[in-house]
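# Descriptive analysis of the structure
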Amino acid sequence: TKKKNVLICDKVDSLMLDELKKREFDVNYEPEIASMKLKDSIEKYDIVILRSRTKLTQDILEKAVNLKIIARAGIGVDNIDTKYAKSRNIQVITAAGSSTHSVAELNVALAVSLARNLIPLDINSKNGIWIKDTGFELSGKTSGIIGFGRIGLSTAKILKSIGMEILAYDIFENQEAIKEVGGHFVSMNELLSNSDFIFILVTLSDSSSNIIGEEQMKMVKSGSFLINTSRSEVIDGRVLLNYLESGRIKGYATDVLWNEPPTEEWEKTLISKPNVIVTPHIGAQTVEAQKRVAEYTLNNLFAKISE
Ligand code: NAD
């Protein structure tokens, strides 16, 4: 049988390359491929493997006449036009669960960094400015988790052990999971007005795009901290900027931006604020998670091929 042509369009763990090459695949590794080049060359591939950088929009997928499987080496599929893929019978697989611990640990690190003002204090200390700043404990405070899925639960377990109360909002209320952390499902408004730390861990889709806009921001408890490691598009960024400037939201920590890297002026203004922490989409960027991403993606891919 003819070898399957595989295109890998983002940087992946070497384990994935090695495993694919060992099997019946012709692998083309182009971790920096531009969308124009992708559009021009995608017709020859049976399988495309990508992370979050590459966008598989309809105009690109229309050229993918031989494509059978899109493998997202990661979690969110918001960078793939899944509706169009489905209409063409192109299967989409992911590495669900592979980075849960890594993202959960990052969430807690970002929350503590905001509460103790760690980043500005580090910069000050290195610049010879030795000034103490008074922060807050997480213990005894309330966490509100928007999107109580895998990462939501894993984060809540750590927060619970620190001594926090857990509130959660989700369209699907996993009662067993919330029981594990002694928390409660509440409405979005109840969550926003009662939480000291709000974690946004919801999947980005049409239903969650801009779920935090002006109306919701008005409900946020004054002086609360916001942590987002899911996708920026769930928040109206310009509204967030206003609330950060007014001090109503005390700090924002994010691993995701509207444009990665940022391009818009308001976006650059937002991330330049001293009460904003930004990391360059590193939620799954640990040795352990990257290895798991490669393993889960390949297992799911091989299972799909042998169906
Ligand atoms: P998951 O599917 O286990 O959980 C997502 C939860 O969101 C589900 O419980 C779902 O019911 C809920 N949800 C979906 N739409 C909703 C809506 N409109 N309102 C309320 N709740 C809604 O996924 P997960 O593994 O916990 O990952 C969550 C998200 O984190 C991913 O979709 C991805 O975007 C992001 N993520 C980011 C990184 C990173 O590097 N920063 C890494 C992994 C995942």
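Residues numbered from 1 in each chain as written. Predicted model: local features only at pLDDT ≥ 70, side-chain atom pairs only at ≥ 80, totals over all residues. Heavy atoms only, no water.

### Focus: the site of the ligand
Around the ligand, a shell composed of 24 residues is seen, among which Arg-150, Ile-151, Asp-170, Ser-207 and Asp-255 lie nearest. Between the ligand and the protein, one listed contact pairs a nitrogen atom with a backbone N or O atom of Ile-171 at 3.4 Å. Take Ala-284: an N or O atom from its main chain is 3.4 Å from an oxygen atom of the ligand. Here the ligand, which alone exposes 860 Å², has 89% of that area covered by the protein. (Near = heavy atom within 4 Å. Polar contact = N/O pair within 3.5 Å; in protein donor to acceptor, adjacent residues only side chain to side chain. Areas by Shrake-Rupley, 256 points an atom, 1.4 Å probe, with all protein chains shown as cover.)

### Digging into the pairing of strand β11 (residues 249-254)
In terms of burial, β11 is a largely internal element, five of the six residues being buried. Pairing geometry for strand β10 (residues 224-228) and β11, over five bridges, is parallel. Note that in β11 the partner of Leu-226 across the bridge is Tyr-252. Taking the sense of rotation as the criterion, the β-α-β connection linking β10, helix α11 (residues 237-246) and β11 turns out right-handed. Relative to strand β12 (residues 276-278), β11 is paired through three bridges, and the arrangement is parallel. Note on β12: the bridge partner recorded for Thr-254 is Val-278. In terms of handedness, the path from β11 via helix α12 (residues 265-272) over to β12 forms a crossover that is right-handed. (Buried < 20%, exposed > 50% of the residue type's maximum accessible area, 1.4 Å probe, protein only. Helix = DSSP H or I, 4+ residues; strand = E, 2+ residues; numbered from the N terminus. Pairing = 2+ DSSP bridges. Right-handed = clockwise from strand over helix to strand, strands pointing away.)

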